[in-house]
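# Topology and contacts: notes
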Amino acid sequence: MSASVYKQLEIRWVDLEPTRGAETKKKRPCVILQSNIVNQKSRTVIVAPILPGHKSWPFVVNLKPTKKNGLDKDRHVNLKQLRAVDVSRIDNFQGLLERQYLKPIHNALKIVFDL
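Calculation notes
Residues numbered from 1 in each chain as written. Predicted model: local features only at pLDDT ≥ 70, side-chain atom pairs only at ≥ 80, totals over all residues. Heavy atoms only, no water. Helix = DSSP H or I, 4+ residues; strand = E, 2+ residues; numbered from the N terminus. Expected span 1.5 Å × (residues − 1). Buried < 20%, exposed > 50% of the residue type's maximum accessible area, 1.4 Å probe, protein only. Arc of directions from axis to C-beta. Contact = heavy atoms within 4.5 Å. Phe/Tyr/Trp six-rings, centres within 6.5 Å; stacked < 30°, edge-to-face > 60°. Lys NZ or Arg CZ within 6 Å of the ring centre and 35° of its normal.

Turning to helix α2 (residues 102-113), a few remarks are in order. With 12 residues, α2 should reach 16 Å at 1.5 Å per residue; the first-to-last C-alpha distance of 16 Å fits that figure. If you check which residues of α2 are buried, you get Leu102, Ile105, Ala108 and Leu109. Angular distribution of buried residues about the axis of α2 spans 120 degrees; they occupy a single face of the element. Those residues of α2 that are buried lie in contact with β4 (60-63). Asp114 occupies a position one or two residues after α2 and carries a positive phi of about 55 degrees.

Shown next, in the form of C-alpha cells:
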C-alpha cells in the first residue's frame, strides 16, 4: 500500500507490540488522530490507544459506548500514549469516534504538550 486510506477519528485495531516498559501493550483499539490530508500521503499514522474504564486524569478523554463507535463498555483514550505506527500494524475497523470528543481530545493534547 503506497498511502493509507484511514480517516481521522476512526477506531481501528492496532498491534502495538513490541513494546518496552510502561508503553501500552498488545493489540487494542486505537483512535486515529492524524488529519485526513496527512493520512493520504503517509505510511505511518498517529494513533492513541483506547483502554478500559474511565479515568480522571487530565490527559485522557472518557468515552461512552455507542453503536457508531462500536465500543462495548466505558473506555478512555490515553493521549499521553500517542504513537506513530506503520500502516502494516493497523487492522480491523471498530467504529467511528463521535466528533463531540474532538474538543476534549484537543484540550487533553494541550495539557500533554503544554500548548
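Taken as a whole and assessed by the stated rule, the structure comprises 1 aromatic pair. Taken together, a centroid distance of 5.5 Å and an interplanar angle of 25 degrees make the contact between Trp57 and Phe59 stacked. Judged by relative accessible area, Trp57 falls into the partly exposed class, the value being 43%. When the ring centre of Phe59 is taken as reference, the NZ or CZ atom of Lys80 above it lies at 5.4 Å.

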